[in-house]
Amino acid sequence: MKLLRVITLNFNTTLLHGKTKGKTFLGETTTPIFQVNAFSHESPEKLERVFNNKAPGYAYSRIGNPTITAFENKIAELEHGIGAVACSSGMAAITMTLLNILFSGDEVIAASGLFGGTIDLFGDLSPFGITTRFVNHISVENIEPLITDKTKAVFGELIGNPALDIVDIEKVSAYLHEKGIPLIIDSTTATPYLVNPLDHGADIVVHSSSKYINGSGTAISGIIADSGKFNWSAERYPSFSGYEKFGRFAFLSKLRNGIWRNIGACLSPFNAYLNSIGLETLGLRMEKACNTAKQLAEFFESVDGVTVNYPGLPSSPYYELANKYLGGKGGAILTIRTGSKENAYKLINALQIPLIATNIGDVRTLVIHPYSTIYAHANHEQKVNAGVFEDTIRISVGIEDAEDLIGDFKQAIDKTRSEN
Ligand SMILES: *Cc1c(COP(=O)(O)O)cnc(C)c1O
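Residues numbered from 1 in each chain as written. Predicted model: local features only at pLDDT ≥ 70, side-chain atom pairs only at ≥ 80, totals over all residues. Heavy atoms only, no water.

Chemist: Quick one: what's the story with the overall build of the protein, residue by residue and with numbers?
Modeler: When you go through the protein residue by residue, the secondary structure sums to 16 helices and twelve strands. Computed over its C-alpha atoms, the radius of gyration of the protein comes to 22 Å, within 12% of the 22 Å expected for a compact globule of 420 residues. Its C-alpha atoms give the protein principal-axis dimensions of roughly 75 × 55 × 40 Å. Residue burial in the protein is summarised as follows: out of 420 residues, 54% are buried. By sequence separation, contacts in the protein at least 24 residues apart represent 72% of the contacts at least 6 residues apart. Of note, the protein has its 37 positive side-chain charges centred 6 Å away from the centre of its 43 negative side-chain charges. (Helix = DSSP H or I, 4+ residues; strand = E, 2+ residues; numbered from the N terminus. Rg over C-alpha atoms; globule rule 2.2 N^0.38 Å. Buried < 20%, exposed > 50% of the residue type's maximum accessible area, 1.4 Å probe, protein only. Contact = heavy atoms within 4.5 Å. Lys, Arg positive; Asp, Glu negative; His and termini not counted. Charge placed at Lys NZ, Arg CZ, Asp CG, Glu CD.)

Below is the structure:
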């Protein structure tokens, strides 16, 4: 295998030819699907070494599989991490990350405008003695009053889904590191194409790779990447006792040898394969979807009676942060308010192109009424903080031609107007 060491590669080239291209067996151009449970070895001694991580190799696909490794290595490289661990879903990735760190009695600070499933998860952790304190946006000002000796992690989404707020991760992580607290960032909606949170001070980055990384909505999965920079001292993080000898690999070693392996939230090789294929076009898809999202947002700004929330618009309070972290882009999700639930439903019903579905990051444009679906469980305050009102529609912009999408929204708005 040729290694490209001499030149620094840009995003799309790294995706296809980066140093983690993977081992080839017969010169295959992508890692094939190793759809097997177990790997046999020539002697019990060899299996013992592989099983106990004393020799490279594979023993059982819950613990490791070449197709999954290829996907993990690619994400680790793209996110500038020291390693990555793939999981059966984005929720599993978040759960495994939190359980790898937290102990009964610990506290977490999280944003209340997070993905609904993550908010519910924090509730599920409470019977295990883990308390979550919510702030309406992750900022130094908001988290400072809530920090105690028991605060062991801060969790935020780089671009909140569906709040579409942006965390100033450099400021927040610098503040947290003085206190010995890690910053965990869910970067699903930002993707490694727009930003590498680990380069800006985040300690762990998680993704629901079901979304943009997969790209076509063909597999549920999640992934965790580690910067290797946080000091998991057993004094503050007692469950890390015994893992300190792994140095910067302490978090990943503990995860792989403990909760992740034993809970069994592993990714299937077939889904890892679908993700690796989808990943190859991440740059192209994001470029297109972000440009279209911006055009669509500008179109909505020109429509009377519709308000739009999109961090890539100068009218957004997060415009500066979008420029700072997302290279002048605003991501591929926007929300609009239509005046009433009735208007929102009429508009959704009048659309001809977008699919009505609870997902994001598909090549197809998707719309949803979050208030009655993904945010139905949230309380009033959480809904307000997430920008989810009765008249809100969330649009996950796909890669269709922008003029077709704008045309469709235009005809749908005109149609609902003529009916009113
Ligand atoms: C979808 C999503 C999740 C959950 O991921 P699953 O793959 O559905 O389990 C977590 N965070 C964000 C921001 C998401 O959009």
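Chemist: An account of the side chain of T292 is needed here, citing residue identities and associated values.
Modeler: Inspection of the secondary structure puts T292 in helix α12 (residues 282-301). Exposure remark for T292: the relative accessible area of 2% places this residue in the buried category.

Chemist: An account of the packing of aromatic side chains is needed here, citing residue identities and associated values.
Modeler: Counted by the stated rule, this structure contains 13 aromatic pairs. Between F11 and Y193, the ring centres sit 5.1 Å apart and the planes meet at 75 degrees, which makes this aromatic pair edge-to-face. With F11 in helix α1 (residues 11-17) and Y193 in helix α8 (residues 191-194), this residue pair connects regions lying 182 residues apart in the sequence. A relative accessible area of 22% means that Y193 is categorised as partly exposed. (Phe/Tyr/Trp six-rings, centres within 6.5 Å; stacked < 30°, edge-to-face > 60°.)

Chemist: An account of the packing of helix α4 (residues 90-101) against helix α5 (residues 116-125) is needed here, citing residue identities and associated values.
Modeler: Between α4 and α5, the least distance of the axes is 11 Å, while the angle of their chain directions is 40 degrees. In this view, α4 runs oblique relative to α5, as classed from their interaxial angle. Where α4 crosses over α5, the two elements pack in a sense that is right-handed. Across the interface between the two elements, M91, I94, T95, L98 and L99 of α4 pack against G117, T118, L121, F122 and L125 of α5. Partitioning the contact of α4 with α5 into residue classes produces seven nonpolar, three polar and no charged. (Axes fitted to C-alpha atoms, helices over the stretch in contact; angles between N-to-C directions. Parallel < 35°, antiparallel > 145°, perpendicular 65-115°, else oblique. Left-handed = near helix turned anticlockwise from the far one by under 90°. Nonpolar A, V, L, I, M, F, W, Y, C, P; charged D, E, K, R; others polar.)

Chemist: Explain the layout of surface pockets residue by residue, including any values.
Modeler: One water molecule sets the probe size; rolling that probe over the atoms shows where empty space is left. Here the largest pocket is characterised by a volume of approximately 730 Å³. Around the largest pocket, the lining is made up of 26 residues, and of these N53, G57, I63, E72 and R256 lie nearest the centre. Counting only elements with at least two residues in the lining of the largest pocket, the list comes to α2 (44-51), α3 (66-78), β1 (83-87), α9 (250-257) and α10 (259-263). Class assignment of the residues belonging to the lining of the largest pocket gives a composition of 15 nonpolar, eight polar and three charged. (1 Å grid on protein atoms, 1.4 Å probe; cavity = no way out; pocket = protein on both sides within 12 Å on 5 of 7 lines; lining within 4 Å. Points joined across faces, edges and corners; volume = space filled by probe spheres on them.)

Chemist: Any chance you could break down the sheet that holds strand β9 (residues 333-337) for me, citing the residues and the numbers?
Modeler: Strand order in the open sheet formed by five strands is β8-β9-β12-β11-β10, with mixed pairing between adjacent strands. One side of each edge strand has no neighbouring strand; the edge strands of this open sheet are β8 (307-309) and β10 (355-356). In the sheet, strand β11 (residues 366-368) pairs with strand β12 (residues 392-396) via three bridges, with the strands oriented antiparallel. Each residue of the ladder has a partner; that of V367, found in β12, is I395. Across the sheet, α12 is in contact with β8, β9 and β12; its angle to β9 comes to roughly 15 degrees. (Pairing = 2+ DSSP bridges.)

Chemist: Could you give an account of the sheet that holds strand β6 (residues 204-208), naming the residues involved and the relevant values?
Modeler: Strand order in the open sheet made by the seven strands is β1-β7-β6-β5-β4-β2-β3, with mixed pairing throughout. The open sheet has two edge strands, β1 and β3 (131-135), and neither has a second partner. Ignoring strand direction, the axes of neighbouring strands in this sheet form an average angle of 20 degrees. In this structure, β6 lies alongside strand β7 (residues 222-226), joined through five bridges in antiparallel fashion.

Chemist: Please give an account of α12 that cites residues and values.
Modeler: With 20 residues, α12 should cover 28 Å at 1.5 Å per step; its first-to-last C-alpha distance of 28 Å lies within 8% of that length. Taken together, the buried positions of α12 are occupied by L282, G283, R285, M286, A289, C290, T292, A293, L296, A297, F299 and F300. (Expected span 1.5 Å × (residues − 1).)

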